[in-house]
Amino acid sequence: MYTITSFFILTLVLKLLIINFDSVCGVQKFYIDYEKNEFIKDDKVFRYASGSLHYFRVPRPYWRDRIRKMKAAGLNAVSSYVEWSFHEPTSGVYNFEGQADLEHFLTVLKEENMLVLLRPGPYISAERDFGGFPYWLLKEKPSLQLRSNDPNYTKYVKRWFSVLMPKIVPFLYGNEGNIIMVQIENEYGHNGFDVCDKEYTLWLRDLLRNYVGDKAQLYTTDECNIFYMKCGHIPNVYSTVDFSPTVNMTECFGYMKEVQKKGPLVNSEFYTGWIAYWNQTRPDRYSKDIIQGLKYFLSNNISFNLFPFHGGTNFGFSSGATTVGSTLETAGYLPQLTSYDFKAPLDEAGDPTNKYYDIQRVLKEANHPTTSTPRRAPKGNYGIVNLLPVVSLFDQTSMHIKPVINEVPLSFEDMDINHGLVLYETNLPTIARPTKLPLIIEKLRDRAIIFLDCVKIGTMSRSNGDTSMEVPITNNNKKLNILVENQGRINSLKFLKDKKGILSNVTLGKNILGPWVMTGYPLNDTSWLEFENLQPNVKPPAYYRGIFIIPQDHRHSKPLDTYLDTSGWSKGIAFINNINIGRYWPQVGPQITLYVPAPYLVSGLNTIVMVEFERAPEDFTVKLVDKPRLDW
């Protein structure tokens, strides 16, 4: 009897030791209690109050500043996508340095005691070019079926995650890190393919689970629609919902409960603003609606993520597009702005807005830890900068890529060109007498400037569906020049395979034109302009260059953030100190200024380059101002 009793006592003690081992050893745990409908963090009920901040849209020197401002507002977590194209711009070549140093971003978050909701995709949408996919997927043969169980696609996802996820694993909460949630895919339920590829989502779940295990919570998010929620739901992965402040919240959470009966309520994207497009008014999300929603979340113990809390900027060619057309060729293509201000609580330059103050007040009233309210940072008003024309894009010195010759036009991707421009040139057929003939480019992506012998005669735009025009032809005309701009790949729904350039034959009257000489302009470097002789009579499309000096004074020992005012220019790309700060298009707006972060500037001599496609102002000047203009 004594031996049996001792055995049971020993067994009980061992069980208690096992149960308490994690807490004694300080092992972190984050999981869902499905009976209590709660998140549990280190044995305590937990609700996260998160905001979205995308490291690839914010200059690295500003990461900590933005995170501290989010924490000061009362948030305890940050949500961020991981952008595949940012880290694997060329197939098999990876970049995790400088601005792409994801591990440093996660380290800063941990140092600031902020939890993380990580969204590694592989598809992220995020109003980025191609939804965050690397462009080279479009040139793979055979063609891939994106966001599906196609092995030609999944092999690249598996390879990418084999590089990414080992960098993530040490930051998982169960490994003493700060990542509590890892999202699978992104709003897969609304994929636009009218197919719910469960084999794909289960495969992706198992792939991520091999890395994450029980060290963080896997989850999905889908829009407020029962079909989307059911399509996006993955067994043994927590489903969450996203919606704007003006919808029926009870209905949305009802859909969430319909696909999984138990668990805490979560809004993974509670929109603080909305997507903005060229040639359209920026939409509003009113603070009063956001606050009403926040109060509902707080009173019902609902975890949430404010999307975004700080938007930032689509520097370079990273902004994407969407379409409201029924096909890729019909009108309705909508390129997105360079600015990702989004009318978020922290504006494009990271300064607090009225929304910020309202959110901070509500979270403080709900006993969320807040600190002193941040102030707006001073901005530089550096005045007028005189530029001079340097060289035409038609000049041989501008052509740094060997031209490709082919009977039919090739896409950007077929020529291994990611962004920028491609110049398509062909000789005109012999015309018996002066006449007007219809020029037709059936498949144009995205916008073309049409020249005869390098003299502009018009434009065509996929956005408006105007891909034909009457062309006056004489015996003297020798060459047709078509300069095609990639304005950003579509990042949503079924039109993701958005190759760029001319994707069809080009006809002039009854003539199919060709062969074609095609020259790519990636526009990824302007340093060579320093050594070019000025050509004062150059006309667009052309490079314009100027210098300006930022002085040191007793008030500001370092440069300040500023804004490049592009008023008077037409359309193009701007560079500061050889950094591509993005597309400008004041001709249609609404964005007039481009954000110039102080880390892109130096005390002393700085350079500005404008690659102007259509029309430069007569005085060739720009201004560096201390206030943004994002609404005409």
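Given the structure is predicted, the values throughout are model-derived calculations rather than measurements.

**Student:** What is the right way to read empty space enclosed by the protein from this model?
**Tutor:** Any empty space left between atoms is shown by rolling a water-sized probe over those atoms. One pass over the structure, following the stated rule, counts 5 cavities of 30 Å³ or more. Roughly 90 Å³ of volume is contained in the largest cavity.

**Student:** Looking at this structure, how should I read the packing of aromatic side chains?
**Tutor:** Aromatic ring pairs are described here by two measures, namely the spacing of the ring centres and the angle between the planes. Inspection of every chain in the model, using the stated rule, returns 45 aromatic pairs. Measuring from ring centre to ring centre gives 6.2 Å for Phe-253 and Phe-297, while their planes differ by 75°; the resulting arrangement is edge-to-face. One end of the pair, Phe-253, is in helix α8 (residues 249–259); the other, Phe-297, is in helix α9 (residues 287–299), and 44 residues separate them in sequence. Taking the centre distance of 5.9 Å and the plane angle of 45° together, the rings of Tyr-563 and Tyr-595 count as tilted.

**Student:** How should I be thinking about the sheet that holds strand β1 (residues 30–33) in this particular structure?
**Tutor:** Backbone-to-backbone hydrogen bonds pair the strands of a sheet. The strands run either parallel or antiparallel. Strand order in this open sheet of 3 strands is β1-β2-β3, and the pairing throughout is antiparallel. Two strands bound the open sheet, and with one partner strand each, they are β1 and β3 (44–46). In this sheet, adjacent strand axes meet at a mean angle of 45° when their direction is disregarded. In this sheet, strand β2 (residues 38–41) lies alongside β1 in antiparallel orientation, the contact comprising 4 bridges. Within β2, the residue paired with Ile-32 across the bridge is Phe-39.

**Student:** Hey, could you run me through the pattern of salt bridges in this one?
**Tutor:** In total, this model carries 37 salt bridges according to the counting rule given. Note that Glu-365 and Arg-361 form a salt bridge whose closest N and O atoms lie 3.8 Å from each other. Within this pair, Glu-365 and its partner Arg-361 are both found in helix α10 (residues 354–365), separated by 4 residues, close to a single helical turn. By relative accessible area, which is 56% here, Glu-365 ends up exposed. For Arg-361, a relative accessible area of 39% gives the class partly exposed. One salt bridge connects Glu-614 with Arg-447, and the closest N-O pair in it is separated by 2.6 Å. You can see Glu-614 sitting in the loop between β32 (604–612) and β33 (621–625) and its partner Arg-447 sitting in strand β19 (residues 447–452), a full 167 residues away along the chain. A relative accessible area of 13% places Glu-614 in the buried class. Taking the relative accessible area as the measure of exposure, Arg-447 reaches 9% and is therefore buried. A network of salt bridges, in which partner residues are shared, links Arg-64, Arg-68, Glu-111 and Glu-112.

**Student:** Honestly, the environment of Asn-113 in this entry has me stumped. Any pointers?
**Tutor:** Among the structural elements, Asn-113 can be located in the loop between α4 (102–111) and β6 (115–119). The class for Asn-113 is exposed, based on a relative accessible area of 62%. Sequence spacing of Asn-113 and Arg-68 is 45 residues, and the spatial spacing of their C-alpha atoms is 9.8 Å.

**Student:** For this particular structure, what's the right way to read the UniProt feature "domain: Glycoside hydrolase 35 catalytic" (unreviewed entry) in the protein chain?
**Tutor:** UniProt's entry tags residues 38–365 with the feature "domain: Glycoside hydrolase 35 catalytic" (unreviewed entry), counted in the numbering of this structure. Helix makes up 30% of residues 38–365 and strand 18%, and the two end C-alpha atoms of the span are 22 Å apart.

**Student:** When you look at the domain arrangement of the protein chain in this model, what are you seeing that I'm missing?
**Tutor:** By a frequent convention, interface size equals the accessible area lost on bringing the separate parts together. Domain boundaries in the protein chain define domain 1 (25–366), domain 2 (383–392 + 525–625) and domain 3 (402–521). Relative placement of domain 2 and domain 3: their C-alpha centres are 28 Å apart. Taken together, the contact pairs 7 residues of domain 2 with 11 residues of domain 3. A combined buried area of about 780 Å² lies between domain 2 and domain 3, and 51% of that area is made up of carbon and sulfur atoms. Sorting the residues of domain 2 by area buried against domain 3 places Arg-583, Phe-613 and Glu-614 first, and these three jointly supply 61% of that buried surface. Our count for the domain 2 to domain 3 interface comes out at 3 salt bridges. For the interface between domain 2 and domain 3, the tally reads 4 residue pairs in polar contact (both at pLDDT 80 or more). A breakdown of the residues in the side of domain 2 that touches domain 3 according to their chemical character gives 3 nonpolar, 1 polar and 3 charged.

**Student:** Can you help me understand the layout of surface pockets in this one?
**Tutor:** Taken as a whole, the largest pocket spans an internal volume of roughly 1,000 Å³. Lining the largest pocket we find 36 residues, and of these Phe-86, Phe-315, Gly-316, Phe-317 and His-419 sit closest to its centre. Among the secondary structure elements, those contributing two or more residues to the lining of the largest pocket are α3 (84–87) and β30 (579–584). Here the lining of the largest pocket is composed, by residue class, of 17 nonpolar, 13 polar and 6 charged. By volume, the second largest pocket amounts to about 570 Å³. Together, 32 residues line the second largest pocket, and Glu-127, Glu-187, Glu-223, Trp-274 and Ile-275 are the ones closest to its centre. Partitioned by chemical class, the residues of the lining of the second largest pocket number 17 nonpolar, 9 polar and 6 charged. Per-domain counts for the lining of the second largest pocket show at least three residues from each of domain 1 (25–366) and domain 3 (402–521).

Cut-offs and rules
Residues numbered from 1 in each chain as written. Predicted model: local features only at pLDDT ≥ 70, side-chain atom pairs only at ≥ 80, totals over all residues. Heavy atoms only, no water. 1 Å grid on protein atoms, 1.4 Å probe; cavity = no way out; pocket = protein on both sides within 12 Å on 5 of 7 lines; lining within 4 Å. Points joined across faces, edges and corners; volume = space filled by probe spheres on them. Phe/Tyr/Trp six-rings, centres within 6.5 Å; stacked < 30°, edge-to-face > 60°. Helix = DSSP H or I, 4+ residues; strand = E, 2+ residues; numbered from the N terminus. Pairing = 2+ DSSP bridges. Axes fitted to C-alpha atoms, helices over the stretch in contact; angles between N-to-C directions. Salt bridge = Lys/Arg side-chain N within 4 Å of Asp/Glu carboxyl O. Buried < 20%, exposed > 50% of the residue type's maximum accessible area, 1.4 Å probe, protein only. UniProt positions renumbered as here; feature names shortened; annotations may be inferred. Domains from an automatic or database assignment. Contact = heavy atoms within 4.5 Å. Buried area = accessible area lost by both parts, 1.4 Å probe. Polar contact = N/O pair within 3.5 Å; in protein donor to acceptor, adjacent residues only side chain to side chain. Nonpolar A, V, L, I, M, F, W, Y, C, P; charged D, E, K, R; others polar.

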